[in-house]
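Single-letter residue listing:
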Protein chains: 2
Amino acid sequence: MLYRTSLAALLAATTAIAPLHATPTQGSGVAWDIVEGITTEIGPRPAGSPAEARARAWGKAKLEALGFKGVAIDEFKTSAWQRGEEHARLTAPYAQPLAITALGNSVPTPAQGLEGELVYFPTLDALRAAPEGSLKGRIAFVDHAMRRAQDGSGYGPYGDVRREGPGIASQKGAAGIVIRSAGTDSHRNPHTGATRFPEGIVPIPSGAVANPDADLIARIAARGKPMRIALTLLGKPNPQAPSGNVIGELPGRDPSLPKIVVACHLDSWDLGTGAIDDAAGCAIVTAAALQASRGGQLLRTVRVLWAGNEEMGSGDGGADNYARVHGAEKHALAMESDFGADRVWQVTLRLAEANKPLGDRIKAALWPMGVVPHPGMADGGADVGPIIARQNLAVIDLGQDGTHYFDLHHTPDDTLDKVDPAALQQNVDAWAAVLGIVANEPGEIVPVPASTPGE
Amino acid sequence: MLYRTSLAALLAATTAIAPLHATPTQGSGVAWDIVEGITTEIGPRPAGSPAEARARAWGKAKLEALGFKGVAIDEFKTSAWQRGEEHARLTAPYAQPLAITALGNSVPTPAQGLEGELVYFPTLDALRAAPEGSLKGRIAFVDHAMRRAQDGSGYGPYGDVRREGPGIASQKGAAGIVIRSAGTDSHRNPHTGATRFPEGIVPIPSGAVANPDADLIARIAARGKPMRIALTLLGKPNPQAPSGNVIGELPGRDPSLPKIVVACHLDSWDLGTGAIDDAAGCAIVTAAALQASRGGQLLRTVRVLWAGNEEMGSGDGGADNYARVHGAEKHALAMESDFGADRVWQVTLRLAEANKPLGDRIKAALWPMGVVPHPGMADGGADVGPIIARQNLAVIDLGQDGTHYFDLHHTPDDTLDKVDPAALQQNVDAWAAVLGIVANEPGEIVPVPASTPGE
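Residues numbered from 1 in each chain as written. Chains lettered and ligands numbered in written order. Predicted model: local features only at pLDDT ≥ 70, side-chain atom pairs only at ≥ 80, totals over all residues. Heavy atoms only, no water.

(A) Examining the overall build of chain A more closely. Looking only at helices and strands, chain A features 12 helices and 16 strands. Its C-alpha atoms give chain A a radius of gyration of 24 Å, within 12% of the compact-globule value 23 Å for 455 residues. Going through the 455 residues of chain A one by one, you find that 62% of them count as buried. Restricting to contacts in chain A with at least 6 residues of sequence separation, those with at least 24 account for 84%. Put simply, chain A has 40 plus and 50 minus side-chain charges, and the middle of one group is 3 Å from the middle of the other. (Helix = DSSP H or I, 4+ residues; strand = E, 2+ residues; numbered from the N terminus. Rg over C-alpha atoms; globule rule 2.2 N^0.38 Å. Buried < 20%, exposed > 50% of the residue type's maximum accessible area, 1.4 Å probe, protein only. Contact = heavy atoms within 4.5 Å. Lys, Arg positive; Asp, Glu negative; His and termini not counted. Charge placed at Lys NZ, Arg CZ, Asp CG, Glu CD.)

Below you can see the structure in the form of structure tokens.
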């Protein structure tokens, strides 16, 4: 519809009241201010970029202003990746532009692009079953069927299309690969994210198309007509890039007790402004530490870690650097917030049988907030994995509702408007309740033995 | 979150069943086949483009295959517009990329772009109030507060930011203008659409940013810090471009009776594949004409018009050409479907008092489908406006639910997955019910007198 000139316009014009300003969602409080500040004043901050460095300076100033002690930036070098020009279109059997983005660790096509047959695989298993050499000179397309799940568990198997697909396609001789985005939305915003090329496998240009574009490719494949694609993806690895962790502490009354580390990551993918991944996490852990100590200084020191380079998963990121630099300091427990800004609905523990009373107090504190216990084993996540592994730490996971997380994850749509201030505050409340308990625990906090099934 | 390596993955891997293929929404029937076919086999088809010509050939073949008679393409020349490279970023006070698209009828920036101060106006009225010359060398930003409405009426006043804003900014001396998209979603997909520069006003580069980007600009403006933007918009007018209308008929038993014309438009904006705007409209009117005649040949001839160039609103588009070429043929009534693919919920008539029994039969037929009468006056819309004006025709508007129409309108997100097959069929059923009544009406079908308030 262009414009109905007569009645509708007349009716609308007589009822419209000019607003003084647009009214986007606004929150308040420490957590909101952090998410709003990072997304507004920094924006996209890919690992190893000048924007990530600006974010570190911003974070250091913010933690100092909030009263954290010992605020410091631990600088390190990291394996990053630099996006370049990127576009693609089907050239046969129908001319159709595609909404595409390169995957982290992709290598560039020639500047003028690649053009070749696009071979449809409905699943990663179908790609695995392709004969060696059968993709020589061709470009693989791998489809999948990821759907929304509250616990986000679809990201495990369906995310493997992104993580493993490019390496497998390369082994089969492919000149490039395009995958259906590892995402659950229906917007023309493809999902980026890092892929991995195992040692000895030649990296190939690797991209993801948006779900509606993958639907289009699937419909054309179903017609049985050969497809061709023109593919330009000029992103390339950026090794030895500067990154850093920002840390700060609320010192405990008894500094001799092992500390509690609460983590998030400061880097983001470049397509959005990293509101839910993971400015929200930094906002939640930081605001919760302050809120937990509102009633008086906590017994144990709580350290916040705003980690650099989480997204590349390169083994030399912020979490790895933290374990290396701070691995000699005694920690009791690690927690991470890195799954968006929606409400906490589930708590999972990794506590020894001796800590059952502690665990029960945590569960009891969370019940009134709508948080149910999960019988499995907490793992902490990428931002704290290395320090947990190094020191065999106790872990508490506060599981956020991830139903819509993969609608936004690693897309241009990861922006502030997706953060619900009320849900953000529920996170802070849940985290503060847990920190108030564990950071005031005088007894030993110990994990289940390392040999327990599940770890 | 990068990837929780242990428990979540383990759990997920054990429960995942590899699907044989992805399962995007699929419909069936004539209407679905038309929307699916146009979006899959043609895709974006901007006015005056080779893709629009391919769509005409596709449409002609389709109407012939469906049994329409006298299928023809009426070719004409039209004022079109050609998109070019487009990108923008804030350079101060914070470096932030912006999701932007040019508006139709925009003129190009220099190839290397413009860079200048971005001046924030909360409303179109605020821009109107700016002193003459006050924007010299600057770039205007105009915000607004469009919200979802079932009848889409917000597009009247808020759409004026797009239609009139650029001309007003030019009058104030602006070097360019950026507006908040005339849209109701929160995705990084800006909404394009035609703007108008009145006679004597110098056209300027004109673009729209996505709503999250407009929110960002509003937040920065609220901080009171001067903003600067680097703006590259290379789209330009494409005058005298080839377009055409596709027409076809189901001949009536009495060819001497004035015919009924049911219209849609075949062109689309280039960002999406024009599923809801307006492949769905062509699908609905065409399938409904066939469905209405399923019980036997209709009394009056029903002509379908798949119009070329509706989107540029240039006064020399498909609707204008139809009235010029076919203005001597006797029509009784015109109807248009050009407001998406969601359910019909409202019917509005333009029928003389003498036709009250006819109107009552139409309303009674629609009641069981959840369609309520609207007391106002039907206007038909852009695709049939000129023939209605020329012949003073009776009109029936079947109002679709537009709550989410402006989430998708003129964006990359206008793709097949947004069409609900059940809602599409409800449209066909409602249209077929109305066509079955009006095309079998032996008596005169007359509009209210031209002088009646509302027209």
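From this point, the discussion proceeds with the structure in view.
(B) Spatial organisation of unusual backbone geometry. All names here are of chain A. Going from Ala 92 to Pro 93, the amide bond is cis rather than trans, its omega being 0 degrees. The residue Pro 93 is located in the loop between strand S2 (86-92) and strand S3 (96-98) in this model. The omega torsion across Asp 277 and Asp 278 is 15 degrees, close enough to zero to call that bond cis. For Asp 278, the position within the fold is in helix H7 (residues 275-292).

(C) The UniProt feature "domain: Peptidase M28" (unreviewed entry) in chain A, seen in detail. Taking the numbering used here, the UniProt-annotated feature "domain: Peptidase M28" (unreviewed entry) corresponds to residues 245-434 of chain A. With 33% helix and 22% strand, residues 245-434 of chain A has its two end C-alpha atoms placed 24 Å apart. (UniProt positions renumbered as here; feature names shortened; annotations may be inferred.)

(D) Layout of the pairing of strand S16 (residues 394-400) of chain B. Residue and element names in this part refer to chain B. Within S16, 7 of the 7 residues are buried, which leaves it mostly tucked inside the rest of the structure. Here S16 shows two buried faces, one formed by Ala 394, Ile 396, Leu 398 and Gln 400 and the other by Val 395, Asp 397 and Gly 399. Across 2 bridges, strand S13 (residues 331-336) lies against S16 in parallel orientation. Of the residues in S16, the one forming a bridge with Ala 334 is Val 395. In this structure, strand S14 (residues 344-350) lies alongside S16, joined through 6 bridges in antiparallel fashion. (Pairing = 2+ DSSP bridges.)

(E) Representation of the confidence of the model for chain A within the structure. Overall, the prediction assigns chain A a mean pLDDT of 93, with 93% of residues at 70 or greater. Two summary scores accompany this predicted model of the complex, namely pTM at 0.92 and ipTM at 0.91. (pLDDT = per-residue confidence, 0-100.)

(F) Spatial organisation of the packing of aromatic side chains. Residues and elements named next belong to chain A. The tally for this structure, following the rule as stated, stands at 12 aromatic pairs over all chains. Centroid distance Tyr 405 to Phe 406: 5.0 Å. Interplanar angle 85 degrees. Geometry classified as edge-to-face. Judged by its relative accessible area of 4%, Tyr 405 falls in the buried class. For Phe 406, a relative accessible area of 3% translates into the label buried. Put simply, the rings of Tyr 155, Phe 339, Tyr 405 and Phe 406 touch in pairs and so form one group of aromatic residues. Across from the ring centre of Tyr 155, 5.0 Å away, lies the NZ or CZ of Arg 163, which sits over that ring. (Phe/Tyr/Trp six-rings, centres within 6.5 Å; stacked < 30°, edge-to-face > 60°. Lys NZ or Arg CZ within 6 Å of the ring centre and 35° of its normal.)

(G) Highlighting the sheet that holds strand S12 (residues 302-307) of chain B. Residue and element names in this part refer to chain B. The 8 strands lie next to each other as S1-S10-S12-S11-S13-S16-S14-S15, forming an open sheet whose pairing is mixed. Strand pairing shows two members of the sheet lacking a second neighbour, strand S1 (69-82) and strand S15 (372-373), which therefore form its edges. Packed onto the sheet, helix H7 (residues 275-292) meets strand S10 (236-250), strand S11 (259-265), S12 and S16 and runs at close to 155 degrees relative to S11. (Axes fitted to C-alpha atoms, helices over the stretch in contact; angles between N-to-C directions.)

(H) Spotlight on the state of the cysteines. All names here are of chain A. The full count for this structure, using the stated rule, is 2 disulfides over all chains. Between Cys 264 and Cys 282 runs a disulfide, and the two sulfur atoms are separated by 2.1 Å. Between Cys 264 and Cys 282, the disulfide has an S-S torsion of 95 degrees and is therefore right-handed. Taken as a pair, Cys 264 in strand S11 (residues 259-265) and Cys 282 in helix H7 lie far apart in primary sequence, 18 residues in all. Like Cys 264, the residue Cys 282 is buried in the burial classification. (Disulfide = S-S within 2.5 Å.)

(I) A look at the sheet that holds strand S1 (residues 69-82) of chain A. Residue and element names in this part refer to chain A. What the 8 strands build is an open sheet, ordered S1-S10-S12-S11-S13-S16-S14-S15; its pairing is mixed. Because the sheet does not close on itself, it has two edges, and the strands there are S1 and strand S15 (372-373). Packing of helix H3 (residues 50-65) onto the sheet brings it into contact with S1, strand S10 (236-250) and strand S12 (302-307), and relative to S10 it is tilted by some 0 degrees.

(J) Region of the structure containing the pattern of salt bridges. Scanning all chains against the criterion turns up 48 salt bridges over all chains. Among the salt bridges present, the one from Asp 407 of chain A reaches Arg 148 of chain A, with a minimum N-O distance of 2.9 Å. Of the two residues, Asp 407 of chain A is situated in helix H11 (residues 405-408) and Arg 148 of chain A in the loop between strand S6 (139-142) and helix H5 (155-171); the sequence distance between them amounts to 259 residues. For Asp 407 of chain A, a relative accessible area of 12% corresponds to the buried category. The class of Arg 148 of chain A is partly exposed, set by a relative accessible area of 44%. Connected via shared salt-bridge partners are Glu 36 and Glu 41 of chain A together with Arg 219 and Arg 223 of chain B. (Salt bridge = Lys/Arg side-chain N within 4 Å of Asp/Glu carboxyl O.)

(K) Summary view of the domain arrangement of chain A. Residue and element names in this part refer to chain A. Taken as a whole, chain A is organised into domain 1 (29-80 + 238-438) and domain 2 (84-234). One C-alpha centre belongs to domain 1, the other to domain 2; they are set 32 Å apart. Contacts between the two partners involve 19 residues from domain 1, matched on the other side by 22 residues from domain 2. Surface buried jointly by domain 1 and domain 2 totals about 1600 Å² across both partners, of which 58% is contributed by carbon and sulfur atoms. (Domains from an automatic or database assignment. Buried area = accessible area lost by both parts, 1.4 Å probe.)

(L) How the structure looks around the environment of Thr 403 of chain B. Residues and elements named next belong to chain B. Position of Thr 403 among the secondary structure elements: in the loop between S16 and helix H11 (405-408). Overall, the relative accessible area of 24% leaves Thr 403 in the partly exposed class. Leave out the neighbours within four places in its chain, and Thr 403 touches Arg 148, Ala 149 and Gln 150. Within the structure, Thr 403 has its side chain in polar contact with the side chain of Asp 401 (distance 2.5 Å). (Polar contact = N/O pair within 3.5 Å; in protein donor to acceptor, adjacent residues only side chain to side chain.)

(M) Helix H8 (residues 318-326) of chain B, seen in detail. Residues of H8 of chain B that are buried include every one of Gly 318, Ala 319, Asn 321, Tyr 322, Ala 323 and His 326 of chain B, and no others. Of the surrounding secondary structure, the elements contacted by the buried residues of H8 of chain B are S1, S10, S11, S12, S13 and helix H10 (385-391) of chain B.

(N) View of the side chain of Asp 213 of chain B. Residue and element names in this part refer to chain B. As for its placement among the helices and strands, Asp 213 is situated in helix H6 (residues 211-222). Given the relative accessible area of 2%, Asp 213 is considered buried. Among the polar contacts listed, one links the side chain of Asp 213 to the backbone nitrogen of Ala 99, at a separation of 3.0 Å.

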